[in-house]
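Here are the chains, one letter per residue:
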Amino acid sequence: MSARKNPMDTKLQENPEKRMFRIPDLRQGIKRIMVSEYFVLYLSILWFIVMLPVIPNIASSRNLNNIFDFIWPLLAVCVGQTLVLLIAGIDLSQISVIGMTSVIGALFMSNRIDPNVLSDSPLWGTVISENGGIMANSMWAVPVGILMMLLVGSLIGLINGYFIAKLKMPPFMVTLVTQLFVYNLAIFLTKSNNIIGIPKAFTEIGKGKIGFIPVAMIITIVLCVLSQLLLSKTVLGKWIYAVGSNVKASVVSGVPRDGVIMFVYAFSGFCAAFASVIYSGRLEMGRPTLGQTLLMDIVGATIIGGTSMFGGKGKVLWTFFGVLFFVLLTNVLNLFNLDTFTINIVKGLIILLAALFDVIRTKIQANDTKVEKAGA
Amino acid sequence: MSKTAIKFKLAILKNTPFILFVCIFIIFGILSPKFFQYENFENIATSASYIGIVTVGMTFVLLTAGIDLSVGSNMFLSASIAGLLIRDLNAPIWLALLCAVLVGTLYGGINAFFIVKLRILPFLVTLSTLVAGRGLGLLITKSQGVTLPESISNWGAVRVVGLPVPIIIYAVIALIAHLFLKFFPMGRQIYAIGNDPEAAKKAGLNTDRSIAFVYIISGLLAAIAGIVSVSQMGIVNAGFGDGDEFDAIAAAVLGGTSLFGGIGTIFPGAVIGTILIQMVQAGLVYTQVDMYIQPLIQAAVIFVAVFLDSIRSREISKIEKRHIRVEN
Amino acid sequence: MSEYILQLKNISKYFFGVPALKNINLELRKGKMLGLIGENGAGKSTMMNIIGGVIKADEGSMVLKGEEYQPDGPGEATDAGITFIHQELNLFTNLSIEENIYISSFPTIGRLPVISKGAIRTKTRELLDSIDLKLSPDILVEKLSPGERQLVEIAKALSSKPDIIIFDEPTTSLTARETKKLFELINKLRDQGISMIYISHILDDVLNLVDDIVVLKDGEVTDKGAKQDFSIQRMVSSMVGRDLEQMYPERTSKPSNEVVLEVSNLSQSGTIHDVSFKLHKGEILGVFGLMGSGRTEMARIIFGLDPYESGEIAVDGKKITKSSPQNSIRNRIAFVTENRREEGLLMHSTILDNIQLVSLREYAKTILKIVDSKKVTESIKDVVKMLKVKSGPVEKTAPKSLSGGNQQKVVIGKWVMAKPKIFMVDEPTRGIDVGAKYEVYTILNQFASEGSGVLIISSEIEELIGVCDRILVMSKGEIVGEFSASEFDKERIVGSAFRQNVRC
């Protein structure tokens, strides 16, 4: 029923809200905290404090360093995933991009390659040899290697984006297939072997410190800040939120939907490659299977942070909190000496909880609008 | 575009499974004449049977426009439990197998609970249970292979009426599922839900019940598939069932089942899709394709399947749209 | 038992205090057909939803077959013998005719949960025979024409052996021949003693088919009686008869002769056919048509949201080669869609985000495309002030918390920011209150007086007469009439839209 309402209706619609605030019960309080931006940060702090008397080790400087070492590269991947979730998509191929770009980087930078290990590789003799990779011992090896890693990562993402935007294929299926394909391609290129001989200049990115601040931290924070600026300050960022909130309205308003989608997936691939730089540097090798165990961590941490799977809602800062919480949680499980299997079970459950939480939050917010919806 | 051109396009898109089947058949046949031997077909069919069983369940799920990524882990977990019951507790085989089936069904039930009751996206739910299920399986088996007694591993090779048992089990399941989807009220209602969930609700159908049902069936069939697979391999190792969900999805979609729901059949669809997938795998072996390239080709096949499905759905909706507007 | 099978007594319904139905009294005679007419939003669908058990009346009562009738959900309405034929079809295209008819209650073999193919086939065949539809029951619905689908819906409705069938615009998707067939069927059903309510915009059809007529306007019954007492004239005036009070602002400017938008021979099969018109600078041009007349489709094509097969669109005399929303925005065309919620607003974002969306690019001149948020916020505040949007701070308030009128102003504001020279608005005042309507008209007026061309699509004729310089009438995808301000006459315009429908 629609057409005619009298001028009274503005007033009348305020009523339900007033009614909501009239009951200052516990549920309202909980609701308020649950929809708060900092909810996950509070949760992380609470978790830390509660665990402190149980395992005092958690606060040891070694463990704290450990925690932060985990946080930075994971955060970098999750930033990409955040943007994808913002447009109501999902990128399951990031984990394979990490492995693939790890191999790509090594193919460029490695200074010596053991023929016993890699002479079966289809690239042996052309791209790589005993003397190392394409740019072995060149002063440009590291910058070019990193550039190629980022480029390949972005390219894989762009391909995802193309199929999702132009051919309207379901995102999870497209990225699942690229995950499979890219992973197996990396395995094929290396015959499942690691490539060593990475220059020190590269490994420093993963392990080095400037003063007492890890390089990984600095570059990841720069990535985060730039991403957040992109989201909140630029035209593109506003388009991303718009596409995630309401695709139809965005298209009517002249937002280039396909371009936005392709950019976001390319960026997601970029972030995965970015993390791969850190991970590979720490390992001092190019490893095709790198990242394969991370899927749950990436999706879980991002969703826990509060970025909605339904699109249009999320921030890089939230993702930071999500990663913090996720890493703290797994850290404690590790300190309890639980095996990886149990940890995996817990991770699976955590994601379900996070997803459930997202559904509840979305519902709480939808309830606020229900009243008005029924009227229109 | 003229009407005949549209019809032609639709005819091709709707019959892709058969066209692909023939193409792949011919390609491998040319590349390796051995491909045409009877033993080869029997081998393909035998090794296809467990994937075929999973694909039947997957088809049910896909018909409602859902997805079940957890079937591989489900196979692993339920088969592990059966193996452990027999090995460590000396449980009678029938009891162990029954337990495995129950575990698989429960597994599906958990998926259904999260999807129907808590309204979480199916792919996320089943992705989580994929990880959690495998974790649980590895935990109880201490990530070591569980060998099953010969009494089980033998009957994988037993023949009844000249056919290996796995093929017979698969045939029976496929037949029941086919009849269910065709002749049972709920079977038809599953199609209705996949076609238009809103209209299904308006028509008074219990959509929640049907959706829960398909995930439970998928879990049940995954467990049976696990048992069938074990009967052929004799051991449940840590990688058991890993990645089988992809084969099942690919088989279903290659067989013409749509990821967007409402379209798909067990026979010929899922059956042809399964054979197709298995044929590609066998063909790759026969033509001696590099071990490392095989998974790349398989991934490409899955991609082609999903790609064709998207194009088909888009074309159909375009034509439908035209229909609706013509009369306005 | 009385001669009435269904009676509504003093039914009222309020949505958040706003009356949608006021004291409705209505009687359906047994074995007769009642025609229900009224403009969009007159309350027809609310009434049908109450009868169908979808919503509950706030006041009043219903009597069905001499007994109190209080349906709790659509299922109870069906059980009580009332079924609906909706405007939009609710069929599953991937299933056969027989399966669609029995989807929620398949006949089974004994107690087994197995569909009795024999029973379903015979039953369906009987049903199809009874409505004279010569189709095999096992044919898939996707293969049927829209007309055939409509008949399948009727067969489905008949399968529950109803006493009352309610038709809601059943002919919108039918060809003339199919319509004729439907009417024959309806007459046959009446002969069998089934009572019917027939809702339609096509007045001739109503006059031909029904026994009694009820006219709804603004949630009230304004006229009712036996068909014999009605003429098209009387129906139209009862439907729209309202004095034009001070509902519309005075026009302050005159249109110029300069053409800002020219559409020539625009066609897209199935939606619009050979549409040509000119929009002048400073002109407010109205497009009147019923739902499904192609008016919205035309606007979407002009704006570049949908493709077109032939014809030309020219802005300021320049032919548009590649039509897309982005290009249209570059050409300073604005388009306020008819559906605010789905295509207009980012409901959960802020007002600021909504209003800046179209013109973001203009506020980001640097290479990095960083939005000058200070400048944009200032402009938005100006727009909000000019449009008199009543809301909290624009940076924090989300459209979801606004009233319909203010939501619409936010959508308009989004386009005002882009300073359009062609302003297309589709149903700009749907679902908003009188005060807000007046303000919307004022804004459009102002744009016209500043030299923009304004195109208003509406199904409320008074609104168009109140604000337009010229009105085009669309029907079945074609422009069937043009009226200049001096020729404005409600009944003639409405008649031209309605009657055209009957002729073809």
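Engineer: A description of the overall build of chain C should follow, citing residues and the corresponding values.
Structural biologist: For chain C, the helix and strand inventory stands at 17 helices and 20 strands. Over its C-alpha trace chain C gives a radius of gyration of 25 Å, about what one expects of a compact globule, namely 23 Å for 504 residues. Across the 504 residues of chain C, 59% fall into the buried class. Taking the intrachain contacts of chain C between residues at least 6 apart in sequence as the baseline, contacts between residues at least 24 apart amount to 67%. A total accessible area of about 20200 Å² is found for chain C, and carbon and sulfur atoms account for 48% of it.

Engineer: An account of the sheet that holds strand E10 (residues 220-226) of chain C is needed here, citing residue identities and associated values.
Structural biologist: Residue and element names in this part refer to chain C. With respect to topology, six strands assemble into an open sheet ordered E6-E7-E8-E3-E9-E10, the strand pairing being mixed. What marks the edges here is a single partner per strand, and that holds for strand E6 (82-85) and E10. Averaged over all pairs of adjacent strands, the angle between strand axes in this sheet comes to 15°, irrespective of strand direction. For strand E3 (residues 33-37) and strand E8 (residues 195-199), the ladder comprises four bridges, and the chain directions are parallel. Bridging from a neighbouring strand, Leu 36 pairs with Ile 199 of E8. Across the sheet, helix H6 (residues 176-191) touches E3, strand E7 (164-168) and E8, and the angle it forms with E8 is around 150°.

Engineer: Quick one: what's the story with the interface of chain B and chain C, residue by residue and with numbers?
Structural biologist: Interface extent is often summarised as the accessible area lost during association of the parts. Facing 24 residues of chain B, the contacting portion of chain C comprises 29 residues. Summing both partners gives a buried area of about 2400 Å² for chain B against chain C, and 54% of it is carried by carbon and sulfur. Applying the counting rule to chain B against chain C returns one salt bridge. Where Arg 188 of chain B meets Glu 99 of chain C, a salt bridge forms, and the shortest distance between an N and an O atom there is 2.6 Å. Our count for the contact surface shared by chain B and chain C stands at seven residue pairs in polar contact (both at pLDDT 80 or more). Those elements that provide at least two residues to the side of chain B that touches chain C are helix H8 (165-183), helix H9 (185-195), helix H10 (197-202) and helix H14 (294-326) of chain B.

Engineer: Lay out the nonpolar core in plain terms, naming residues and giving numbers.
Structural biologist: With 348 residues, the main nonpolar core has Phe 60 of chain B together with Ile 154, Leu 261, Phe 277, Trp 415 and Phe 423 of chain C as its most contacted residues. The element contributing the most residues to this core is helix H13 (residues 257-283) of chain A, with 14 residues.

Engineer: I'd love a proper account of the packing of aromatic side chains, names of residues and values included.
Structural biologist: All names here are of chain B. Summed over the entire model, instances satisfying the criterion amount to 23 aromatic pairs over all chains. Here the aromatic rings of Phe 60 and Phe 180 are separated by 5.9 Å at their centres, their planes lie at 25°, and the arrangement is stacked. On the criterion of sequence distance, the pair formed by Phe 60 in helix H3 (residues 38-63) and Phe 180 in helix H8 is long-range, its members being 120 residues apart. Taken as a pair, Phe 60 and Phe 180 share a single burial class, namely buried.

Engineer: Break down the environment of Val 61 of chain B for me, citing the residues and quoting the values.
Structural biologist: If you trace the backbone, Val 61 of chain B turns up in helix H3. Here the alpha-carbon distance between Val 61 of chain B and Ser 218 of chain B, two residues 157 residues apart in the chain, equals 7.0 Å.

Engineer: Help me get a handle on the pattern of salt bridges, residues and values and all.
Structural biologist: In the structure shown here, the tally under the stated rule is 34 salt bridges over all chains. Among the ionic pairs, Arg 87 of chain B bridges to Asp 88 of chain B, the shortest N-O distance being 2.9 Å. With a relative accessible area of 43%, Arg 87 of chain B lands in the partly exposed category. Of the residues examined, Asp 88 of chain B reaches a relative accessible area of 48% and is grouped as partly exposed. Among the salt bridges present, the one from Glu 283 of chain C reaches Arg 470 of chain C, with a minimum N-O distance of 2.7 Å. Placement of the pair is Glu 283 of chain C in the loop between strand E12 (272-280) and strand E13 (284-289) and Arg 470 of chain C in strand E19 (residues 470-475), with a sequence separation of 187 residues. Side by side, Glu 283 of chain C and Arg 470 of chain C carry an identical accessibility label, which is buried.

Engineer: Let's hear about the sheet that holds E19 of chain C: which residues, and what values?
Structural biologist: Residue and element names in this part refer to chain C. Read from one edge to the other, the open sheet built from six strands follows the order E16-E17-E18-E13-E19-E20, with strand pairing classed as mixed. Edge positions in the open sheet fall to strand E16 (333-336) and strand E20 (478-484), since each of these has one partner strand only. For this sheet, the mean inter-axis angle between neighbouring strands, taken without regard to orientation, is 15°. Alignment of E13 against E19, held across five bridges, turns out to be parallel. Residue pairing in the sheet places Gly 286 in a bridge with Ile 471 of E19.

About the cut-offs
- Residues numbered from 1 in each chain as written.
- Chains lettered and ligands numbered in written order.
- Predicted model: local features only at pLDDT ≥ 70, side-chain atom pairs only at ≥ 80, totals over all residues.
- Heavy atoms only, no water.
- Helix = DSSP H or I, 4+ residues; strand = E, 2+ residues; numbered from the N terminus.
- Rg over C-alpha atoms; globule rule 2.2 N^0.38 Å.
- Buried < 20%, exposed > 50% of the residue type's maximum accessible area, 1.4 Å probe, protein only.
- Contact = heavy atoms within 4.5 Å.
- Areas by Shrake-Rupley, 256 points an atom, 1.4 Å probe, with all protein chains shown as cover.
- Pairing = 2+ DSSP bridges.
- Axes fitted to C-alpha atoms, helices over the stretch in contact; angles between N-to-C directions.
- Buried area = accessible area lost by both parts, 1.4 Å probe.
- Salt bridge = Lys/Arg side-chain N within 4 Å of Asp/Glu carboxyl O.
- Polar contact = N/O pair within 3.5 Å; in protein donor to acceptor, adjacent residues only side chain to side chain.
- Core = buried A, V, L, I, M, F, W, Y, C linked by side-chain atoms within 4.5 Å.
- Phe/Tyr/Trp six-rings, centres within 6.5 Å; stacked < 30°, edge-to-face > 60°.

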